Amino acid sequence: MLQADAEVHCHAKIMRMTEADPDEAALREAGAILAAGGLVAFPTETVYGLGGNALDPEASRRIYAAKGRPSDNPLIVHIASIDALDRIAAEVPETAKRLASQCWPGPLTMIFRKREIVPDETTGGLDSVAVRFPSNRIASLLIRYAGGYVAAPSANTSGRPSPTTAAHVIEDLRDAVDCIIDGGPVEIGLESTIVDFTVTPPVILRPGYINQEMLTELIGTVDMDPGIQSESENIRPKAPGMKYRHYAPKAELTIVSGTQKNAAERIAALVHEQIKAGRKAGIICSDETKEMYPEGTVWSLGARTEETQIAAHLYGILRACDTAGVDVIYSEAFRTPQLGDAIMNRLTKAAGHRIIDADEKDEQI
Ligand code: TXA
Ligand code: MG
């Protein structure tokens, strides 16, 4: 069945529009594709999503197949109004309602006990459901036209960085989906913050644009899942998807932390060694340091004072490293004030936890 589908839908239909002026007729058509069990990739404010009808088990199966994703890794259900929450989630605590009214629509996903109507295929067999109300207007219109409940993981093939432009989606999924909506580059560039409300106090399972400090200010204590930054095999992250090696470029990536000067000098020395050994080396840095690297292919994520730009450029540059065919990559660390947790979480995973501290003189590499 899936094979036949793949042959019929050899190339996805591409719809182009802007968030400021969404093409309602096209979105109605894309919504009908979703309602009929098809797959539509669409922009959100965080990253592009690969959508299917969340209440249709067959659509969820098709999502897993299209991404090449393990089917025990649950999907986020996207809604287009706060009222839509009650039909799929049970036991929504007061604190979560408060958060919904403050942060939705926006880059926040909340996890609750699921209701019967949500198929096991969508939640990877869990009895909880992750729910998000995205703020992107193209996304919210599409969700409405699709019937109100759209399951959507990031629209990358499993193991690649999440897509922040339609070109990334086309690269990964052009033959695996029915339609791709090109709404231009996304705003944030990192996936939503995930907060688990099936426990008290609630726990952050994935850091994002809405950070721990903001959440605590709004609803009091919110813990951070210790599995998020841990290298230990024994401390497993609670979100099934966080355990997979994600966001990984093909080249071996190493993060070099430390003061700006120490980190840049250490990276320059490491790059020099690699090039001498005949390897092609890439550097991920910032506008402040990009002139400090005489060798290697240099990519700046932007100015450190503009952390939203750093976040927005990260995945595109990890993809560019693949295209450039570098063998090794060294990246500066980006522990910026608001988005530092989210940026370093993604970067550390991309690096498979390889971090060198350039401030330490005699460390073993
Ligand atoms: O920003 C986003 O959240 C994007 C856009 C498209 O909305 N979506 C996204 O979905 O990042 P995905 O599937 O790539 O990541 C969802 C993460 C996975 O790590 C998954 O394991 C976790 O959420 N998750 C989903 N449902 C869960 C549940 N019931 N309990 C625990 N973790 C859950
Ligand atoms: Mg993903």
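Residues numbered from 1 in each chain as written. Chains lettered and ligands numbered in written order. Predicted model: local features only at pLDDT ≥ 70, side-chain atom pairs only at ≥ 80, totals over all residues. Heavy atoms only, no water.

Novice: Tell me what's going on with the domain arrangement of the protein, and back it up with residues and numbers.
Specialist: With domains assigned, the protein is organised as domain 1 (2–229) and domain 2 (252–357). In this complex, domain 1 contributes 25 residues to the contact, which on the side of domain 2 involves 19 residues. The junction of domain 1 with domain 2 conceals about 1700 Å² of combined surface from both sides, 51% of it contributed by carbon and sulfur atoms. A per-residue breakdown of the area domain 1 buries against domain 2 is headed by Pro 161, Leu 190 and Gln 229, which together make up 33% of the total. Applying the counting rule to domain 1 against domain 2 returns four salt bridges. For the salt bridge of Arg 319 with Glu 171, the shortest nitrogen-to-oxygen distance reads 2.9 Å. Connecting domain 1 to domain 2 are ten residue pairs in polar contact (both at pLDDT 80 or more). It is helix 7 (residues 166–173) that provides the largest number of residues to the side of domain 1 that touches domain 2, a total of three residues. Of the residues in the side of domain 1 that touches domain 2, the class split is ten nonpolar, nine polar and six charged. (Domains from an automatic or database assignment. Contact = heavy atoms within 4.5 Å. Buried area = accessible area lost by both parts, 1.4 Å probe. Salt bridge = Lys/Arg side-chain N within 4 Å of Asp/Glu carboxyl O. Polar contact = N/O pair within 3.5 Å; in protein donor to acceptor, adjacent residues only side chain to side chain. Helix = DSSP H or I, 4+ residues; strand = E, 2+ residues; numbered from the N terminus. Nonpolar A, V, L, I, M, F, W, Y, C, P; charged D, E, K, R; others polar.)

Novice: Run through the site of ligand 1, naming residues and quoting values.
Specialist: Taken together, 28 residues form the shell around ligand 1, and within it Thr 46, Asn 73, His 78, Ser 192 and Gly 241 come nearest. Between ligand 1 and the protein, one listed contact pairs an oxygen atom with a side-chain N or O atom of Thr 46 at 2.7 Å. One of the side-chain N or O atoms of Arg 206 is found 2.9 Å from an oxygen atom in ligand 1. For ligand 1, the protein covers 98% of the area, taking 690 Å² as the surface of the free molecule. Spatially, ligand 1 is embedded in the largest pocket. Where the shell around ligand 1 is concerned, the elements lending two or more residues are strand 4 (76–78), strand 7 (128–132) and strand 11 (203–206). With four residues, strand 7 is the single largest residue contributor to the shell around ligand 1. (Near = heavy atom within 4 Å. Areas by Shrake-Rupley, 256 points an atom, 1.4 Å probe, with all protein chains shown as cover. 1 Å grid on protein atoms, 1.4 Å probe; cavity = no way out; pocket = protein on both sides within 12 Å on 5 of 7 lines; lining within 4 Å. Sits in = over half its atoms within 2 Å of the grid points.)

Novice: Before we move on, could you go through the sheet that holds strand 15 (residues 297–300) and cite the residues and values that matter?
Specialist: Taken together, five strands build an open sheet; the order of strands is 15-14-16-13-17 and the sheet is parallel. Only two strands of the sheet have a single neighbouring strand rather than two, namely strand 15 and strand 17 (355–357). For this sheet the average axis-to-axis angle between neighbouring strands, irrespective of direction, equals 20°. Summarising the sheet, strand 13 (residues 252–257) and strand 17 pair through three bridges and their orientation is parallel. Within the sheet, the bridge partner assigned to Val 256 lies in strand 17 and is Ile 356. Against the sheet, helix 11 (residues 340–350) engages strand 13, strand 16 (328–332) and strand 17, with an angle of about 135° to strand 13. (Pairing = 2+ DSSP bridges. Axes fitted to C-alpha atoms, helices over the stretch in contact; angles between N-to-C directions.)

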